[in-house]
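Residues per chain are reported as follows:
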Amino acid sequence: MKTLFTTLALLVISLSVSAQQIIHKKVFSKKMNKEIETVIITPKLIKGKTYKTIYILHGYSGNPDRTYKQDIPDLVGKSQKYNMIYVLADGNFNSWYVDSPVDKSSQYQTFIGKELVDYIDANYPTIKDRKSRGILGWSMGGYGALNIGIFYSDTFGIVGSSCGALDFNRFGENFHNYQVDKVLGDFRSLSKEYFTFDKTKKMAQANQFYIVDCGTEDTQMIDMNRDFHQLLTNEKIEHLYIESPGGHDPKYWNKSLDNQLALFENYFNTEK
């Protein structure tokens, strides 16, 4: 009888707890009329329990597989540690995570901020509340996280940028080199809605928390990140700004994103 009871108890446990998963999924975007490669990392899901969610945006030329295998150390372990679902969408190499005014097949602001969130909330046991949902990214993804996070302020409670490419005004030749013109067109006709420094009015009204960091040796991005921090300070917009040694390279954002995920977890716990 004892053996039978033990067997039944183990069966109940196995039915109520699923193994931790790394799920590769093609998620359909109605606006772009195509499927987007997405990696979803879950902890061991317990029946009846709901989970916080973070959307993670890779940098220029990156992809979701590289994100969890190389760019963020032990992202799978962090999912279990923090009881968090991580969603890694493919940014199509150079989408800049915008709704492109020149390419209808590149509408990644809507896909990630609306379509993907709706899909994840419909198919996974998420906490469907902005206070338990965040978005972060690095480099191109840092720009994208702020762009999407601010636009969908009712969806994301916390937004993080690491070594973000935040100021197109300073790109110069890099505007072309990083193929920004492929999705936004000619710089001279670029609308202000695509300039991060012009989003402070929305940020002041959004009731979100922002984290911005950059490496002190990141010659490409450090000045624009310092100036953005100063602008937010002048505008009295609550945020956390961090500088630490490092360049624009995987070694820096390994450390930076590890720290930001811990800060996101602290925010979620504080906002309960």
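Residues numbered from 1 in each chain as written. Predicted model: local features only at pLDDT ≥ 70, side-chain atom pairs only at ≥ 80, totals over all residues. Heavy atoms only, no water.

### Details of the packing of helix α4 (residues 108–123) against helix α5 (residues 140–151)
Helix-helix packing is characterised by the crossing angle of the two axes and by the distance between the axes. Rules: Orientation is described by axes fitted as lines to C-alpha atoms, over the contacting stretch for helices, and by angles from 0 to 180 degrees between their N-to-C directions. Helix and strand assignments come from DSSP, with helices taken as H or I runs of at least 4 residues and strands as E runs of at least 2, each series counted from the N terminus. Convention used here: angles under 35 degrees read as roughly parallel, angles over 145 as roughly antiparallel, angles from 65 to 115 as roughly perpendicular, and any remaining angle as oblique. Crossings are assigned a handedness: left-handed for a near helix turned anticlockwise from the far helix by less than a right angle, right-handed for a clockwise turn. Only heavy atoms enter the contact rule, under which two residues are in contact if any of them lie within 4.5 Å. The nonpolar class holds Ala, Val, Leu, Ile, Met, Phe, Trp, Tyr, Cys and Pro. Asp, Glu, Lys and Arg form the charged class, and all remaining residues, Gly among them, are polar.
It is at 10 Å that the axes of α4 and α5 come closest, and there the two elements cross at 60°. On the basis of the axis angle, α4 is oblique to α5. By crossing handedness, the relation of α4 to α5 is classed as right-handed. Together, Y108, Q109, I112 and G113 of α4 and N147, I148 and F151 of α5 make up the contact between the two elements. Split into classes, the residues belonging to the contact of α4 with α5 amount to four nonpolar, three polar and no charged.

### So, the nonpolar core
For clarity, the cut-off: The definition of a nonpolar core used throughout is a set of buried Ala, Val, Leu, Ile, Met, Phe, Trp, Tyr and Cys residues joined through side-chain atoms within 4.5 Å. Think of it in three bands: residues with accessible area under 20% of the maximum for their type are buried, residues over 50% are exposed, and the middle band is partly exposed, with areas taken using a 1.4 Å probe on protein chains only.
Counting 79 residues, the largest nonpolar core has Y86, W96 and F168 as the members making the most contacts within it. The element contributing the most residues to this core is helix α10 (residues 250–270), with seven residues. Not counting residues up to four positions away in its chain, the partners in contact with F168 are W96, Y143, F175, V180, L184, F187, L190, Y194 and F195.

### Structural notes on the environment of G62
When you line up the elements, G62 lands in the loop between β3 (52–57) and α2 (64–71). Residue classification places G62 among the buried positions, given a relative accessible area of 6%.

### A look at the pattern of salt bridges
Two side chains carrying opposite charge are able to pair once their charged atoms lie near each other. Definition in use: Take a side-chain nitrogen of Lys or Arg and a carboxyl oxygen of Asp or Glu: if they are within 4 Å of each other, that pair is a salt bridge.
Summed over the entire model, instances satisfying the criterion amount to eleven salt bridges. For E37, the salt bridge is made with K26, and the minimal N-O distance between the two is 3.8 Å. Of this pair, E37 sits in strand β2 (residues 34–42) while K26 sits in strand β1 (residues 21–29); the two residues are eleven residues apart in sequence, bridging distant segments of the chain. For E37, a relative accessible area of 37% translates into the label partly exposed. Here D71 ties to R66 by a salt bridge, and the two come within 3.7 Å at their closest N and O atoms. The network of salt bridges with common partners includes D167, R170 and D227.

### Let's talk about unusual backbone geometry
Although it is not a glycine, S61 sits at a positive phi angle of roughly 75°. Summarising the element assignment, S61 is placed in the loop between β3 and α2. Exposure remark for S61: the relative accessible area of 27% places this residue in the partly exposed category. Backbone geometry at N92 places phi at a positive 60°, although glycine is not the residue there. Topologically, N92 is positioned in the loop between β4 (84–89) and α4.

### Comments concerning helix α3 (residues 75–82)
Convention followed: Each C-beta atom gives one direction from the helix axis, and the arc is the one those directions make.
Looking only at α3, the buried set comprises L75, K78, S79 and Y82. Buried residues in α3, looked at end-on, bunch into an arc of 105°, giving them a common side. Looking at the buried positions of α3, the neighbouring elements they touch are β2, β3, α2, β4 and α10. Downstream of α3 by one or two residues, N83 has phi in the positive range, about 55°.

### Concerning the pairing of β3
Put simply, the rule is: If DSSP finds at least two bridges between two strands, the strands pair.
Among the six residues in β3, six count as buried, and that is most of the element. The side-chain alternation of β3 yields two buried faces, one formed by K52, I54 and I56 and the other by T53, Y55 and L57. In terms of strand pairing, β3 meets β4 through six bridges, oriented parallel. Looking at β4, one finds that T53 is bridged to I85.

### A few points about the confidence of the model for the chain
Note the cut-off: Values of pLDDT, the confidence the predictor places in each residue, fall between 0 and 100.
Of the residues in the chain, 93% have a pLDDT of 70 or more, and the chain-wide mean is 93. Scored below 50 in pLDDT, residues 4–16 makes three contacts in the model with residues more than four places away or belonging to other chains.

### Considerations on the sheet that holds strand β8 (residues 239–244)
The eight strands are arranged β1-β2-β4-β3-β5-β6-β7-β8 in an open sheet whose pairing can be described as mixed. Edge positions in the open sheet fall to β1 and β8, since each of these has one partner strand only. The sheet shows a mean angle of 20° between the axes of neighbouring strands, taken without regard to direction. Along the sheet, α3 makes contact with β1, β2, β3 and β4, crossing β4 at roughly 145°.

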